[in-house]
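# Remarks on the overall topology
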Amino acid sequence: MELRLYRSEDCPALARLFHDTVHTVNARDYTPAQRDAWADGQVDLAAWDASFRAHHTLVAEEACEILGFADMDDTGYLDRLYVHRDHQGRGIATALCDALEAACPARSFTTHASLTARPFFEGRGYRVLRRQTVVRRGVAMENFVMMKEVPAMADYRFGFIGTGNMGSALAKAAVKNLSPQQIILSNRTAAKAEALAAQLGCAAGDVRTAAARSEYIFLGVKPQMMAGLLAELQPVLAGRTDSFVLVTMAAGLTMERIAAMAGGDYPVIRIMPNTPCAVGAGVVLYDANARVTGEQLDFFTSAMAGAGLLDRLEERLIDAGSAVAGCGPAFLCLFLEALADGGVACGLPRQKALAYAAKMAEGTAKLMLETNQHPGAMKDAVCSPAGSTIAGVRALEERGFRAAAMDAVIAAMERNRELGK
Ligand SMILES: NC(=O)c1ccc[n+]([C@@H]2O[C@H](COP(=O)([O-])OP(=O)(O)OC[C@H]3O[C@@H](n4cnc5c(N)ncnc54)[C@H](OP(=O)(O)O)[C@@H]3O)[C@@H](O)[C@H]2O)c1
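Residues numbered from 1 in each chain as written. Predicted model: local features only at pLDDT ≥ 70, side-chain atom pairs only at ≥ 80, totals over all residues.

### Regarding the nonpolar core
I161 and L219 are the most contacted members of the largest nonpolar core, which totals 60 residues. Once residues lying within four places of it in the same chain are set aside, the contact partners of I161 are S186, V207, A210, A211, I217, F218, L219, G220, V221 and L229. With 21 residues, the next largest nonpolar core counts A60, L67, A93 and C97 among its residues. (Core = buried A, V, L, I, M, F, W, Y, C linked by C-beta atoms within 7 Å. Buried ≥ 20, exposed ≤ 12 C-beta atoms within 10 Å, placed from the backbone. Contact = placed C-beta atoms within 7 Å.)

### Looking at the sheet that holds strand β4 (residues 77–83)
Taking strand neighbours across the sheet as the criterion, the seven strands line up as β1-β2-β3-β4-β5-β7-β6 in an open arrangement whose pairing is mixed. What marks the edges here is a single partner per strand, and that holds for β1 (2–5) and β6 (127–136). In this sheet, neighbouring strand axes are inclined to one another by 30° on average, regardless of whether the strands run parallel or antiparallel. Those strands touched by helix α1 (residues 11–24) are β3 (65–72) and β4, and its axis lies near 90° from that of β3. (Pairing = 2+ DSSP bridges. Helix = DSSP H or I, 4+ residues; strand = E, 2+ residues; numbered from the N terminus. Axes fitted to C-alpha atoms, helices over the stretch in contact; angles between N-to-C directions.)

### Regarding helix α4 (residues 92–103)
The terminal C-alpha atoms of α4 lie 17 Å apart, and with 12 residues this matches the ideal 16 Å at 1.5 Å per residue to within 8%. Among all positions in α4, only I92, A93, L96, C97 and L100 are buried. Within α4, the buried residues cover an arc of 125° as seen down the axis, which keeps them to one side. Where α4 is buried, its residues contact β1, β2 (56–62), β3, β4 and α5 (118–123). (Expected span 1.5 Å × (residues − 1). Arc of directions from axis to C-beta.)

### Here we look at the site of the ligand
Around the ligand, 26 residues are found, and the nearest of them are G162, G164, M166, R188 and T189. Listing elements by their share of the shell around the ligand, those giving two or more residues are α6 (165–174) and α9 (223–238). (Near = placed C-beta within 6 Å.)

Spelled out as structure tokens, the structure:
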């Protein structure tokens, strides 16, 4: 059996099928007089053809035999649905309705269902709005006005609000596992989101559109801008009838505060990403409030897997984790720049010195992760007695290198806490 679009030459066969079905399938619920009034065999073919063509009309066919047909208008009104008496119970009506509903722009569907068809529509999620008596050719008969509402669905899986350093790094990671069409980008300076959207193949839109039409709304603005942004979005979020999740990456702001700023007890995922997410080598620490379902969290983590390591960390530790993983790239970059400066001071060309420093850092981190060695042991392995490396280590220790790095992490964490106040 296949479904195909209606053609005008089908009209006489559909009229015959209609007549035959009413007088057989509907015989158990309607008297002969009612059936004659409903289908007297005198269909106005020109009028039927015009309405079939005005509607979205599908025909179910097998080996050149028409088994059934149905038509729906753009408002979601299912006008006719008839399946040949010899082909009942084969799922033909279901296939016709599935295809019509999928193609219809409306988000609710209505029909006038016969007593016979009522259970079928109830099985499809329609409910009876009212029982009505219709009079055809002077004969009264009953049917039901039935309706089904389709839950609103977000148009995009991910919507980014703020495509600065972090928002764009995460969008680049997201397109690895989601199709670009599932992502919308927005930014205060729209040109920035539009340029990234063009590069990644995503949609670009305004902030309100991203908030109204995305399943996961990434809030990629600075913590200081968050209250203003969410105040603007409050009515948009409150007006949504489908489910959505707020994804915050703002340093210091708790999920509770984000939900309060957004004006509702919404599902919130808090993430603490870092910029290497843009090249798939990042760290994303995350936690979720109780409103986020297991399914929502699973989808989120699998969609973001292209960012790098995702690790769930209870919220009270996120400020600390962020001071290491989120702020760490800046600390490491200071060190890399300083190493390269040292190389230049020793006569190396700048580009070579920078490349050596970066590759050394990448390789050392890889070695540590792959061999699971303690960094102290790795340092010892490089320091031969009275050698050059231990001479350098002594110089770093003399200038309080390790205490400075520890203080940097503590200062960053304290600042995270201040930002959250
Ligand atoms: N950078 C990191 O390494 C890092 C790490 C972890 C977490 N985070 C967090 O990520 C967030 C963003 O930081 P960032 O470094 O990406 O900052 P950023 O580069 O300054 O980006 C912020 C972006 O937000 C946009 N924006 C500001 N107000 C807006 C509004 N009302 N509507 C729409 N867009 C708006 C800005 O647009 P304009 O182009 O108009 O300025 C800018 O593109 C912060 O909350 C930060 O705490 C950052």
